[in-house]
Amino acid sequence: MHTLVNPKSVRFDESTMWVELSDGRTLGMPLAWYPRLLGASPELLNAVELSPSGLHWDALDEDLSVDGMLAGLGAHNDRRIAAA
């Protein structure tokens, strides 16, 4: 299923990725869910490309879909991650 919601911006703090969506929601996901992002420098994190369907980091070889983020999926994971 493809969502009609697009990412509008991405920001990071020391432990969380915040993604603002076109419908006004902001998703906060622990960087621990995304090992490639967790160890990346701020410069690499901020080199994110936004597309209608998700986020892409060329240098980190990482792609995250809006659908996956909305479903609570971590990177390389096909099951929901329970919130702590």
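Our structure is the block above this text.
Thoughts on the sheet that holds strand 4 (residues 49-51)
The three strands lie next to each other as 4-5-6, forming an open sheet whose pairing is antiparallel. One side of each edge strand has no neighbouring strand; the edge strands of this open sheet are strand 4 and strand 6 (62-65). The mean angle between the axes of side-by-side strands here comes to 15°, regardless of whether they run parallel or antiparallel. Note: strand 5 (residues 54-57) against strand 6, four bridges, orientation antiparallel.

Describing the pairing of strand 1 (residues 7-12)
Taken together, the five bridges between strand 1 and strand 2 (residues 16-21) define a ladder with antiparallel strand orientation. Residue pairing in the sheet places Pro-7 in a bridge with Leu-21 of strand 2. Between the antiparallel neighbours strand 1 and strand 2 lie three residues.

As for the sheet that holds strand 3 (residues 26-30)
To summarise the sheet geometry, strands pair through backbone hydrogen bonds and adopt either a parallel or an antiparallel arrangement. Spatially, 1-2-3 is the arrangement adopted by the three strands of the open sheet, whose pairing is antiparallel. Strand pairing shows two members of the sheet lacking a second neighbour, strand 1 and strand 3, which therefore form its edges. The sheet shows a mean angle of 20° between the axes of neighbouring strands, taken without regard to direction.

Some remarks on the side chain of Thr-16
Inspection of the secondary structure assignment puts Thr-16 in strand 2. Using a relative accessible area of 13% as the deciding quantity, one classes Thr-16 as buried. At a separation of 3.4 Å, a polar atom in the side chain of Thr-16 contacts the side chain of Ser-15.

What counts, and where the lines are drawn
Residues numbered from 1 in each chain as written. Predicted model: local features only at pLDDT ≥ 70, side-chain atom pairs only at ≥ 80, totals over all residues. Heavy atoms only, no water. Pairing = 2+ DSSP bridges. Helix = DSSP H or I, 4+ residues; strand = E, 2+ residues; numbered from the N terminus. Axes fitted to C-alpha atoms, helices over the stretch in contact; angles between N-to-C directions. Buried < 20%, exposed > 50% of the residue type's maximum accessible area, 1.4 Å probe, protein only. Polar contact = N/O pair within 3.5 Å; in protein donor to acceptor, adjacent residues only side chain to side chain.

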